Each structure stands twice: as structure tokens, then as C-alpha cells.
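Take a look at the letters that make up each chain.
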Amino acid sequence: AQHLFNDPAEIEALRGNLLAWYDKCKRSLPWRTLAATEPDPDRRAYAVWVSEVMLQQTQVATVMDYYNRWMQKWPTLQALAQASLEEVNKLWAGLGYYSRGKRLQEAARKVVSELAGQMPRTAEDLQKLLPGVGRYTAGAIASISYGQATGVVDGNVIRVLCRLRCIGADSSSPAVIDWLWDMANALVDRSRPGDFNQALMELGATVCVPKAPLCRDCPVKQHCRAQLRKLLGKPAPVPDVEDCGLGGCPLCPPATEPWDSSLGVTNFPRKAAKKQPRTVRTATCVLERGGCHGAPEYLIVQRPSTGLLAGLWEFPSFPLAQGLQEEKQRKVLADHLQTWMGQPVTAEDLQFIGEVIHIFSHIHQTYVVYSLPVDGDVTLDPASSPSRWVTEEEFCASAVSTAMKKVL
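Please read these numbers as outputs of a predicted model, since none were measured by experiment.

A. Main features of the overall build of the chain. Within the chain one finds 16 helices and seven strands. Projected onto its principal axes, the C-alpha positions of the chain cover 80 × 50 × 35 Å. Out of the 408 residues belonging to the chain, those deemed buried represent 50%. Pairs at least 24 apart in sequence give 67% of the contacts found in the chain among residues at least 6 apart. Of the roughly 19,600 Å² that the chain leaves accessible, carbon and sulfur atoms contribute 53%. Here the chain contributes 44 positive and 43 negative side-chain charges, whose respective centroids are spaced 6 Å apart.

B. Spotlight on the side chain of R15. Position of R15 relative to the elements: it lies in helix α1 (residues 8–25). Residue classification places R15 among the buried residues on the basis of a relative accessible area of 11%. Beyond its immediate sequence surroundings of up to four residues, R15 is in contact with A186, L187, V188, D189, R190 and F196.

C. Representation of the domain arrangement of the chain in the model. The domains assigned to the chain are domain 1 (8–205) and domain 2 (278–406). The distance between the C-alpha centroids of domain 1 and domain 2 comes to 37 Å. Across the contact, eight residues belong to domain 1 and 16 residues belong to domain 2. For the pairing of domain 1 and domain 2, the buried interface totals around 870 Å² over both sides, and the portion due to carbon and sulfur atoms is 50%.

D. Here's a closer look at the pairing of strand β6 (residues 363–373). Most of β6 sits inside the fold, with nine of its eleven residues counted as buried. Direction of pairing for strand β1 (residues 278–290) relative to β6: parallel, over a ladder of eleven bridges. Following the sheet pairing, C285 is matched in β6 by Y370. With eight bridges joining them, strand β5 (residues 351–359) and β6 adopt antiparallel strand pairing. Residue pairing in the sheet places H358 in a bridge with Q365 of β6. Count of turn residues in the β5/β6 antiparallel hairpin: three residues.

Definitions and limits used
Residues numbered from 1 in each chain as written. Predicted model: local features only at pLDDT ≥ 70, side-chain atom pairs only at ≥ 80, totals over all residues. Heavy atoms only, no water. Helix = DSSP H or I, 4+ residues; strand = E, 2+ residues; numbered from the N terminus. Buried < 20%, exposed > 50% of the residue type's maximum accessible area, 1.4 Å probe, protein only. Contact = heavy atoms within 4.5 Å. Areas by Shrake-Rupley, 256 points an atom, 1.4 Å probe, with all protein chains shown as cover. Lys, Arg positive; Asp, Glu negative; His and termini not counted. Charge placed at Lys NZ, Arg CZ, Asp CG, Glu CD. Domains from an automatic or database assignment. Buried area = accessible area lost by both parts, 1.4 Å probe. Pairing = 2+ DSSP bridges.

Laid out in C-alpha cells, this is it:
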């Protein structure tokens, strides 16, 4: 029980302190300005929705410019529903996790075509009816735009709640996540749910940060059990977290990972060890020809509509087996190109340029880059992906990934 918020007076005090701090210290962000000034709740919901999708696993500083350009181009979900995937990918290029933009557009089209242009107004319906909208995004939209008293749990909230209540079990486990959702729903302010949720996230983003948190500036430090434990330098006067539940508490740290006094509040949250990204090698060939105005042109092809970097354009690329020597890599690429182009290509025709490394969230990708000059057009396998010739300027303006810009 010591991990939970069971005292109504403490909950009320925490709400008041956090909201007062938020009103005074919140950052000025474009989506907050839009949400605060837009009288139409559905347009407000769209503005919040776009921001929440962009902010998934992406920093605020990176998102701001993308968000402003997006809202200028598609100020309503009706406008987004009429856009092409090519346009969406082009604007999203460089933001990463490209499937987010695709799912956002798919959901906008569903609202227009199946829901008469009306956004669902509860977290439950948002999650159930809109593709790509998960529990967190649904809670954020419903609380900020429609005033539903529902909590939210994202990475910032996880960190704040785990520190407030010394939750030391693996914070990524489903059981702990469920506990945190219950806690967030119990804490959310009923009269200002959207502001409270944003305040909790803001606290995690600016004060209760992963390393070197600003505990002295925290508006809810008097409610923080991790801070209390740090100040005491020994178990708190409430039952010790290691003793909670006589060793069977699902929220306590494992007995094998005791409190480290040198870490203080950053003992929490605790996460399972990250999986190492898998290593992938890909042969990439830049086919180049002279353009009609003398500038070189490059052949790019479109990736499949599903999977990694879905729908983006790239230089012709083929997977390589691990451990291949350079000579063998060149031969494999030449064979692929010959089949694909329907004309002879030898290993000697390919000029090795170098390697480009790009780190995706779960993939350590190496592009082994070759160049191949060609005369005029090439005839491609009719069953292959769409392709086109572009100048360097056209390439940079196309929906291409950051990795392919590195290759060029």
C-alpha cells in the first residue's frame, strides 16, 4: 500500500501544487497554443493528436518545426485525409518512425469516411475506432481536448510516478504498467484533467529528468518517497520498500538490486536490460546518368507500402548475408542488378564508394555503397517497385530517409 496514493488529502495537495507550478512554469509550445485557443473541440483534438504522434520517441526540439509545417499544410483532419501518402512521407522525412505518419493519415481518412468527420470523444472510443491510436494517445486527446478525467502514462509519467512511490520493479513490465495506469487515473484532477496530465508530463520532461533531476525545484518533492529516502540516507519511517509485503510486493525492487545511495532518486525507475539492435548489411547502388541539362540524375525506387521505411524512396538496395568479403558483395550486387535491369552488369562495373552506418531503434544498419554509371534509361523488371530518375535537388525534395541522404 505504501506505493499507492491512498490519502485523499495528499492527492488533493499534490494536484494543487503541480497545477500551480504548471500554470507558472509551463513551456510555450505550438500545440499547446493551438489547443488553448481553438474553440472547436474536434479541431483541438486534431492539433493535440498530431503533436502526440510526432512526439512519440522524438524530442520536442526536433518536433516543433515539423509540427508547424504539418499544421500549415494540413490544418484540419479533413485536409490530411485528402493528402497522398507520398506527400505525408515527404513532410515526415527525417523525423523517423515513418509508420506514424502513415497511420495518422489512415486514421484521419477513417474519421472522414466512416465517422462523418466527427472525432471519437472518449479515450475508450478513440483507441477502439482509430488505427494507430494507443492507450496513451487516446488518453491525451480525450483529457486535453474533451475534458475526460482519464490519466496518461508515457515515459515521463512512468519516471515521475516510480520516484514518487519508490516503484522499483521493472517499469516496462505489463503488470507494473497496469499499476501505473491505475495510479494515473486516481491522481488526475477532475476539473482540469488535460492540464494535470500535461503538468505531469512537463514535470518529467523538465525537472524529474532521467539524470541529474532538479529535485530542489520540484513542486511535489514533499510527496516523493525516493527523495525522502535520499534525504534520510536510510529506510524511511514508513515500512521499507524492501520489506513491503514481506518480500512479495510486485512493485518493490528485486532483492538482488538494493538501494544505491550514490544514485539517490535515480534508483527509479528500473528497466529490464535493453536488447541489442540486430545488425543488418545492405548493398546500395547509386545508378547515375547525365541529365538533359548536364546535371547528373540518379535512379530511385519506392519501398513496399508496409514494413520499415514503408513507401519511402531509396537507391536500389539489396540485403547482404553477414560476413561476405567485399569481392563477394560486389558479385552479389551485380547479379541482383543484372536480374533487375535485364542487362549485363559485371562486378567490375561497380565502383565501391564506402559504407554508411545508420542506427534505427532496433537495427544497426550498414549500407555498402557502390556507384554505377549508365547510358540513358534502363529497362526494369515490370514486377519491380515504381522508380524514377531525379536530380540531386529533386532527390532531396522527395520522400527519402535520412539514411539515403547520407548515402548521397
